Amino acid sequence: MDKLLIRGGRPLQGEVLISGAKNAALPEMCAALLTNEPVTLLNVPRLQDVRTMRKLLDNMGCVTETHGDRGGMSFRAPDSINPEAPYELVKTMRASVLALGPLLARFGRAKVSLPGGCAIGSRPVDQHIKGLQAMGAEIDVEHGYMLARLPPGRTRLKGARIATDMITVTGTENFLMAAALAEGETILENAAQEPEISDLAEMLIKMGARIEGHGSSRIRIEGVERLHGCTHEVVADRIEAGTFLCAVAATGGDVMLRHACAHHLDAVIEKLREAGAEVEALGGPDCEGGPKAHAIHVRSLGARAMQAQSFRTSEYPAFPTDMQAQFMALNCVAKGSSMVTETIFENRFMHVNELTRLGAAIHVDGRVAMIDGVQKLSGATVMATDLRASASLVIAGLVAEGETLIDRIYHLDRGYDQMEEKLRGIGADIERIKS
Ligand code: EPZ
């Protein structure tokens, strides 16, 4: 297994290009299943989860190809497809469940493995099942698979009013894709509002879907008989951008993040400004005009000039759970004490034990972590446990004195596009040690 070796203590200076969003690219790759016409995605990030999703689509009989160095990827899902997502692939990437809605909507049947749990929580998909059943699907769970089909005599899902027990991002995405081809109107009453949802909706609208209200908690979809192909540019990855913002705040420095839209990170940027970092949004008040029209400039005098910030994670537009571990790394070396509350996942403090090995002072009580900022962290060997925990350890390693060796960085490779190259490009002393 590859490792990352970081020699800490260097400020970050220069410019970074933020890649397309993992959590937009994955549902948008599945959206290609909704038509037999060619679909092209631009600005697709180069990372493991995208490669896994491509393998899943190829496995079904999709014709996929990459082209150009701008992260272009094309898809064509023929009428004869094997509507199956096998356990071997689903167990490595939970987002495979996003195939369920499109397969049901277009082919009327699907066999998708239950994802199983993951490091950060049990992460059931019961709400996905509940919503699709409301749209008329018959779904049985047998031998670890969801066996979904339309009832005899029906050739399409039917529109429904769906109100899930809690807000679910991929659940909302599954319903959006299923409703696009359903018969009649679907209303999502407590839809997720993440920018990735809006980006998927914009893509579906380009394909001929009739959607309104995306980006709010209530989305209305009027189903159509068929969708056509499109070309769509994947929105910039706000979590990758937020990760770099926390890294610069911690190490000190002056960095321009290209293609990053500050508007998608309001809650995180607000906390960074309160901590003492200077963050400037470039390119207009919203995120119109696509990724290239936006940038974020961040300056900091380093963690010891920062005031630790308490926060609690919640659904967008509140502070994102996917930024919790990274901001905690900053709090570990900022001045003062802070309290971090994780309200979304039941086990998303796996990074705490590893940060403690680097000298952090953290006490966890259930879903609350109390952090006392320390003068310095000292390099050590640590182990990545999940995607964002890995990013947290990278940030801590960048500020720790001496060498930090991070093991099991396949977790990081799932969701970050060339992170060590990007960090080296702005002055970090970081290298990958191949196993
Ligand atoms: C998406 O996961 C993201 N993944 C996650 O990003 C992100 O952390 C999460 O949303 C929350 O923002 C992708 O978009 C591919 P949820 P998802 O359904 O959709 C419970 C990363 O680091 N729930 O919004 O799986 C669930 O257990 C990853 O990039 C049910 O109980 O999350 C959780 O407590 C990690 N039943 C809460 O709802 C369901 O059927 C929110 O989960 C669905 C969800």
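Note that the structure is a prediction, hence the values are computed from the model and not measured. (Residues numbered from 1 in each chain as written. Predicted model: local features only at pLDDT ≥ 70, side-chain atom pairs only at ≥ 80, totals over all residues. Heavy atoms only, no water.)

A few points about the pattern of salt bridges
Rules: Any carboxyl oxygen of Asp or Glu within 4 Å of a side-chain nitrogen of Lys or Arg constitutes a salt bridge here. The helix and strand labels rest on DSSP assignments: H or I over at least four residues marks a helix, E over at least two residues marks a strand, and numbering proceeds from the N terminus. Only protein chains enter the calculation, and the probe is 1.4 Å; a residue is then buried if its accessible area is under 20% of its type maximum, exposed if over 50%, and partly exposed in between.
Tallied over the full model, the rule gives 31 salt bridges. Measuring nitrogen to oxygen at the nearest pair gives 3.2 Å for the salt bridge that ties Glu15 to Arg258. In this pair, Glu15 sits in strand E2 (residues 12-17) while Arg258 sits in strand E15 (residues 253-258), placing the two residues 243 residues apart along the sequence. Among the residues examined, Glu15 registers a relative accessible area of 48% and is labelled partly exposed.

Some points on the packing of aromatic side chains
As a reminder, the rule being used: Working definition: a ring pair exists when centres of Phe, Tyr or Trp rings (six-membered ring for Trp) sit within 6.5 Å. Plane angles under 30 degrees give stacked, over 60 give edge-to-face, the rest tilted. Here, a charge over a ring means that NZ of Lys or CZ of Arg falls within 6 Å of the ring centre while also lying within 35 degrees of the ring normal.
Within the structure shown, the criterion is met by three aromatic pairs. With a centroid separation of 5.8 Å and 75° between ring planes, the pair formed by Phe319 and Phe327 is classed as edge-to-face. Like Phe319, the residue Phe327 is buried in the burial classification. Cluster of aromatic residues (ring-pair linked, three or more members): Phe311, Phe319 and Phe327. Its guanidinium or amino end placed over the ring of Tyr145, Lys111 lies 4.8 Å from that ring's centre, counting from NZ or CZ.

Remarks on the site of the ligand
Selection criterion: Here a residue is considered near a molecule or strand provided that any single heavy atom belonging to it is located within 4 Å of it. By the criterion applied in these results, polar contacts are pairs of N or O atoms within 3.5 Å in which, for protein atoms, one can donate a hydrogen and the other can accept it, and in which residues neighboring in sequence qualify only through two side-chain atoms.
Around the ligand, a shell composed of 21 residues is seen, among which Gln127, Thr168, Thr170, Asp322 and Ile344 lie nearest. For the ligand, an oxygen atom lies 3.3 Å from a polar atom in the side chain of Arg348. Taken together, the elements giving at least two residues each to the shell around the ligand come down to helix H1 (22-31), helix H5 (126-134), helix H6 (169-180) and helix H12 (387-399). No other element matches H5, which puts three residues into the shell around the ligand.

Some words on the sheet that holds strand E20 (residues 361-365)
We apply this condition: We treat two strands as partners when DSSP finds at least two bridges between them. Pairs of residues are marked as contacts when any of their non-hydrogen atoms sit within 4.5 Å. Fitting a line to C-alpha atoms yields each axis, with helices limited to the stretch in contact; the angle taken between N-to-C directions then spans 0 to 180 degrees.
Taking strand neighbours across the sheet as the criterion, the four strands line up as E18-E19-E21-E20 in an open arrangement whose pairing is mixed. Only two strands of the sheet have a single neighbouring strand rather than two, namely strand E18 (311-312) and E20. Helix H10 (residues 324-333) contacts E18, strand E19 (337-341), E20 and strand E21 (368-372) of the sheet and is inclined by roughly 25° relative to E21.

A look at the sheet that holds strand E14 (residues 230-233)
Through backbone hydrogen bonds, the strands of a sheet pair up, either in parallel or in antiparallel fashion. Strand order in the open sheet formed by four strands is E4-E5-E3-E14, and the pairing between neighbours is mixed. Edge positions in the open sheet fall to strand E4 (63-67) and E14, since each of these has one partner strand only. Averaged over all pairs of adjacent strands, the angle between their axes in this sheet comes to 15°, without regard to strand direction. As judged from the three bridges shared by strand E3 (residues 39-42) and strand E5 (residues 72-76), these two strands associate in the antiparallel manner. In the sheet register, Val39 faces E5, and the bridge partner there is Phe75. Sitting on the sheet, H1 touches E3, E5 and E14, and the angle it makes with E3 is about 170°. Sheet strands touched by helix H2 (residues 48-60): E4 and E5. Its angle to E4, the strand with the most contacts, is close to 145°.

Points about the side chain of Ser338
Checked against the element boundaries, Ser338 lands in strand E19. Relative accessible area serves as the criterion here: at 2%, Ser338 is assigned to the buried category. Engagement of the side chain of Ser338 in a polar contact is seen with the side chain of Asn331, the distance being 3.3 Å. Leaving out residues up to four positions away in the same chain, Ser338 has contacts with Ala308, Gln309, Ser310, Asn331, Ala369, Met370 and Ile371.

Points about the nonpolar core
Condition: We define the nonpolar core as a collection of buried residues of types Ala, Val, Leu, Ile, Met, Phe, Trp, Tyr and Cys that are connected through side-chain atoms lying within 4.5 Å of one another.
Counting 77 residues, the largest nonpolar core has Leu176 and Leu204 as the members making the most contacts within it. Discounting residues that sit within four places of it in the chain, Leu204 has contacts with Ala31, Leu34, Leu176, Met177, Ala209 and Ile211. By size, the runner-up hydrophobic cluster in this structure holds 73 residues, among which are Ile18, Ala236, Ile371 and Val374.

With respect to the state of the cysteines
Selection criterion: Put simply, a disulfide is two cysteine sulfurs that come within 2.5 Å.
The tally for this structure, following the rule as stated, stands at one disulfide. For Cys230, which is in no disulfide, the shortest distance to another cysteine sulfur is to Cys62 and amounts to 13 Å. Residue classification places Cys230 among the buried residues on the basis of a relative accessible area of 10%. Left unpaired, Cys332 is separated from the closest cysteine sulfur, that of Cys246, by 12 Å.

Topic: helix H8 (residues 238-251)
Since the α-helix turns once every 3.6 residues, residues separated by three or four places project in the same direction. The test is simple: Residue count minus one, scaled by 1.5 Å, sets the expected span of a helix.
Taking 1.5 Å of rise per residue, 14 residues should cover 20 Å, and H8 covers 20 Å from first to last C-alpha, within 8% of that figure. Among the 14 residues in H8, 14 count as buried, and that is most of the element. By the N-cap criterion, in which a side-chain oxygen at the helix start approaches the backbone nitrogen of a residue two or three places on, H8 is capped by Asp237, the distance to Ile239 being 2.9 Å. Just downstream of H8 lies Gly252, where phi reads positive at about 85°.

In short, the description is geometric, and any link to function would need to be established separately.
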